[in-house]
Amino acid sequence: MSGCLHLQNKAVDEMKTDVLIAGCGCAGLYCALQLPEKMRILLLAKGDVTQSDSFLAQGGICMLRDESDYEGYFEDTMRAGHYENNPASVEIMIRSSQNTIKDLLDYGVRFHREADGSLSFTREGGHSAKRILFHEDITGKEITEKLLEQAKKRKNITILEYCTMIDIVCNENSCCGAVVRDSMGKLSVIYARDTVLACGGIGGLYRHSTNYRQLTGDGVAIALSHGIAVEHINYVQIHPTTLYCEQADERSFLISESVRGEGAVLYNVKKERFVDELLPRDVLTRKIHEQMEKDKMPFVWLSMEHIPKQEIEEHFPNIVRHCQKKGFDVFHECIPVVPAQHYFMGGVQADLSGHTSMDRLYAVGETACNGVHGKNRLASNSLLESLVFAKRAAKAIAESPAKAERVIVYPDLESYQNEAALAANYKKKVLNEIARLNKECSMKSQ
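These notes cover the structure that comes with them. Counting from 1, residues in each chain are numbered in the order their sequence is written. This being a predicted model, a pLDDT of at least 70 is required before a residue's local features are given, and a value of 80 or more before pairs of side-chain atoms are given or counted; all residues contribute to the totals for chains, interfaces and linings. Excluded from the side-chain calculations are hydrogens and water; all other atoms, namely the structure's heavy atoms, are used.

So, about the overall build of the protein. By the criteria applied, helices consist of DSSP H or I runs no shorter than four residues and strands consist of E runs no shorter than two, each listed in order from the N terminus. Counting its secondary structure elements, the protein contains 11 helices and 18 strands. It is over C-alpha atoms that the radius of gyration is taken, and the globule rule equals 2.2 Å times the number of residues to the power 0.38. A compact globule built from 446 residues would reach a C-alpha radius of gyration of about 22 Å, and the protein, at 22 Å, matches this within 12%. When accessible area is computed with a 1.4 Å probe and restricted to protein chains, residues below 20% of their type maximum are described as buried, those above 50% as exposed, and intermediate ones as partly exposed. Sorting the 446 residues of the protein into buried and exposed places 57% on the buried side. The contact criterion used is simple: two residues touch if any of their non-hydrogen atoms lie within 4.5 Å. Here the contacts in the protein between residues at least 6 apart in sequence split such that 73% fall between residues at least 24 apart. Approximately 18,700 Å² of the protein is accessible, and the part contributed by carbon and sulfur atoms is 49%. Positive charges come from Lys and Arg, negative ones from Asp and Glu, while His and the chain ends are left out of the count. Charge positions are represented by NZ for Lys, CZ for Arg, CG for Asp and CD for Glu. Side-chain charges of the protein comprise 53 positive and 60 negative groups, with the mean position of each set lying 2 Å from the other. We get accessible surface area from the Shrake-Rupley algorithm with a probe of 1.4 Å; when it comes to residues, only the shown protein chains can shield them.

Right, dumping it as structure tokens:
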């Protein structure tokens, strides 16, 4: 069965599938598309299928243009990550970039092109060269929409919307599926030969974040609950420039790195430039916070005055429209910007093929930590990293032999009835572990 449906329409309390993927962002969708069509695949979307952070990615996706840029790209990624990256992961991501982009083009993804038809490349903060492909300022939406279109065409792929994974089902150290809750509160068990955690980041745990509010680190919380290895979960990236908004419950709107890459500048309260706008995100964030403290202001100013109007209209139409909606004319005035939680570099520990420390359980995308990003993510590496390692996980699943006999585990669904208490427990579990690790790092640095 293909297409989207709601779990409550199913008249069963148990389902079986070959591969269960928790998450419908670019990592989950691409992983599903790379699996053999003979396998039955079930994808879970916590909300509407379009409510993943992949749809929000504005800037672009990196690609190694040619061998002459390999060392520069590798060094930029390592430097941004404070050299805490896994060099093997970084190399795999960069070396796989051209084939990944070819796949996307084959799926119909439209990247901006030059007058001669060649692909256009731009540059963002932390990059020493132009190596970023883009589609207007909605690159993530363009990529993920095309992946979703392809997934809906596959007869072996079913997508369950408004369906939350609340726990995994396991026998000793082997995962055999998940407990899920639908929008009506009904609990069900989905048994699977292999399970993939692709459930996004942790932005919903923070007051100010560019993430969708329902992305609350479910994969990490479940991993912590089962003793599955996690890594660097205190490595949380703050995006330096989001549109300032006084409403605390509103998702922060990202002003893409590409805007600064194309020439936008940052001003203090006196409209004086105070920083190099192309510094790595963590460094720039610190500089902005320092300036806000000096100015005693809750934001700094961003000006696009040095970018030609036509370029702004062609490259950043979504940003222009959103700012207009909020009462700002980017062509004639500065806009207030402030740092906000944006990306999660840590996650469930995964090897180069997405394996976690639990058998038959994989992690990809922002949920996973395979070492590409180190302590801080380089701009526009997130989409590429998600896709590259999702494909590698799919290959590992396809090549992994099914076990001859698997013990069926029947979880006690009564223990999951209190939805609010479970969510609060998961939130506390993740934030407490982040706080513990931050305290540990602080003590080591003293």
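As summarised here, the arrangement of the five strands in space is β12-β11-β15-β14-β13, forming an open sheet in which the pairing is antiparallel. This sheet does not close on itself; its edge strands, each paired only once, are β12 (253-254) and β13 (265-267). For two strands to be treated as a pair, DSSP must find no fewer than two bridges joining them. Summarising the sheet, β13 and strand β14 (residues 300-303) pair through three bridges and their orientation is antiparallel. If you follow Tyr-267 over to β14, its bridge partner there is Trp-301. Set on the sheet, helix α7 (residues 281-295) makes contact with β11 (236-243), β13, β14 and β15 (335-344); between it and β11 the angle comes to about 55 degrees. Here an axis means a line fitted to C-alpha atoms, over the contact stretch when the element is a helix, while the angle between two N-to-C directions is reported on a 0 to 180 degree scale.

It is worth spelling out the packing of helix α5 (residues 218-226) against helix α11 (residues 419-445) at this point. For any two helices packed against each other, the geometry comes down to the angle between their axes and how far apart the axes lie. Where α5 contacts α11, the axes come no closer than 9 Å and their chain directions differ by 80 degrees. On the basis of the axis angle, α5 is roughly perpendicular to α11. Across the interface between the two elements, Val-220, Ala-221, Ile-222, Leu-224 and Ser-225 from α5 touch Tyr-426, Lys-429, Val-430 and Glu-433 from α11. Grouping the amino acids of the contact of α5 with α11 by side-chain chemistry returns six nonpolar, one polar and two charged. In what follows, roughly perpendicular refers to angles from 65 to 115 degrees, roughly parallel to angles under 35, roughly antiparallel to angles over 145, and oblique to any angle outside these ranges. Throughout, the ten residues Ala, Val, Leu, Ile, Met, Phe, Trp, Tyr, Cys and Pro are labelled nonpolar, Asp, Glu, Lys and Arg are labelled charged, and all others, Gly among them, are labelled polar.

For Gly-125, the location among the structural elements is in the loop between α3 (87-106) and β5 (132-133). Taking the C-alpha atoms as reference points, Gly-125 and Ser-188, 63 residues apart in sequence, are found 45 Å from one another. Leave out the neighbours within four places in its chain, and Gly-125 touches Glu-257, Leu-278, Leu-279, Leu-378 and Ala-379.

If you trace the backbone, Gln-150 turns up in helix α4 (residues 139-153). On the basis of relative accessible area, Gln-150 is assigned to the buried category, the value being 17%. Residues contacting Gln-150, with those up to four places away along its chain left out, are Leu-33 and Tyr-107.

Okay, the pattern of salt bridges next. Any Lys or Arg side-chain nitrogen located within 4 Å of an Asp or Glu carboxyl oxygen qualifies as a salt bridge. Tallied over the entire structure, the rule returns 24 salt bridges. Across the pair Arg-154 and Glu-37 runs a salt bridge whose closest N-O atoms are separated by 3.8 Å. Linking Arg-154 in the loop between α4 and β6 (157-161) with Glu-37 in the loop between α1 (26-34) and β3 (41-44), this pair joins segments that are 117 residues apart in sequence. Residue Glu-37 is classed as exposed on the basis of its relative accessible area, which comes to 54%. One connected set of salt bridges, linked through shared partners, spans Asp-69, Glu-75, Asp-76, Arg-79 and Arg-131.

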